[in-house]
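Architecture at a glance
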Amino acid sequence: EAEKYLDRALSENPDNPYAMLNLGAVYQNTGRPEQARKMYERLIALNPTDAAVVSNQPGGTGKRLVDIAKENLQFLK
């Protein structure tokens, strides 16, 4: 269900960093590492300054989205 809403968010704004990060996490958590990698790399290339307002990861709140994407990429290797 989340994937559907995140896809919609990206269709409305292809540079939505929150949607990119969360869709990458959906892909990662549903066994699609290559799709996750592409989404995280896309977010990193965009290099937004946005930070996570809330996070389900310990220490994630307040962290830059780019930094979270880089950390998540490390789990895919």
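Just so we're clear, the structure is a prediction, and the values are computed from it rather than from any experiment. (Residues numbered from 1 in each chain as written. Predicted model: local features only at pLDDT ≥ 70, side-chain atom pairs only at ≥ 80, totals over all residues. Heavy atoms only, no water.)

1. Regarding the pattern of salt bridges
Rule in force here: Just to be clear on terms, a salt bridge is a Lys or Arg side-chain nitrogen sitting within 4 Å of an Asp or Glu carboxyl oxygen. Helix and strand assignments follow DSSP, with helices taken as H or I runs no shorter than four residues and strands as E runs no shorter than two, numbered in order from the N terminus. Exposure classes here rest on a 1.4 Å probe applied to the protein chains alone. A residue is buried below 20% of its type maximum, exposed above 50%, and partly exposed in between.
Tallying each qualifying case throughout the model produces four salt bridges. The salt bridge partner of arginine 32 is glutamate 3, with a shortest N-O separation of 2.8 Å. Of this pair, arginine 32 sits in the loop between helix H2 (17–29) and helix H3 (33–46) while glutamate 3 is found in helix H1 (residues 2–12), placing the two residues 29 residues apart along the sequence. One salt bridge in this structure joins glutamate 34 and arginine 37, with 3.6 Å as the shortest N-O distance. With a gap of three residues between them, glutamate 34 and arginine 37 both fall in helix H3, about one helical turn apart. Since its relative accessible area comes to 48%, glutamate 34 is described here as partly exposed.

2. Focus on the packing of H3 against helix H4 (residues 65–76)
Axis angle and axis distance: for two packed helices, these are the angle between their axes and the distance between the axes, and together they describe the pair. Note the following rule: Axis definition: a line fitted to C-alpha atoms, limited for helices to the stretch in contact. Angles are taken between N-to-C directions and run from 0 to 180 degrees. Under this scheme an angle from 65 to 115 degrees is roughly perpendicular, one under 35 degrees roughly parallel, and one over 145 degrees roughly antiparallel; angles in between are oblique. Here a crossing is taken to be left-handed if its near helix is turned anticlockwise relative to the far helix by less than a right angle, and right-handed if that turn runs clockwise. Note on definitions: a residue-residue contact is assigned when non-hydrogen atoms from the two residues lie within 4.5 Å. Residues are sorted three ways: Asp, Glu, Lys and Arg are charged, Ala, Val, Leu, Ile, Met, Phe, Trp, Tyr, Cys and Pro are nonpolar, and all the rest, Gly among them, are polar.
Where H3 contacts H4, the axes come no closer than 9 Å and their chain directions differ by 150°. Taken together, the axes of H3 and H4 lie roughly antiparallel to each other. Regarding H3 and H4, the two cross each other, and that crossing is left-handed. Where H3 abuts H4, its residues Pro33, Ala36, Arg37, Tyr40, Glu41, Leu43 and Ile44 lie against Leu65, Val66, Ala69, Lys70, Asn72, Leu73 and Leu76. Counted by class, the contact of H3 with H4 contains 10 nonpolar, one polar and three charged residues.

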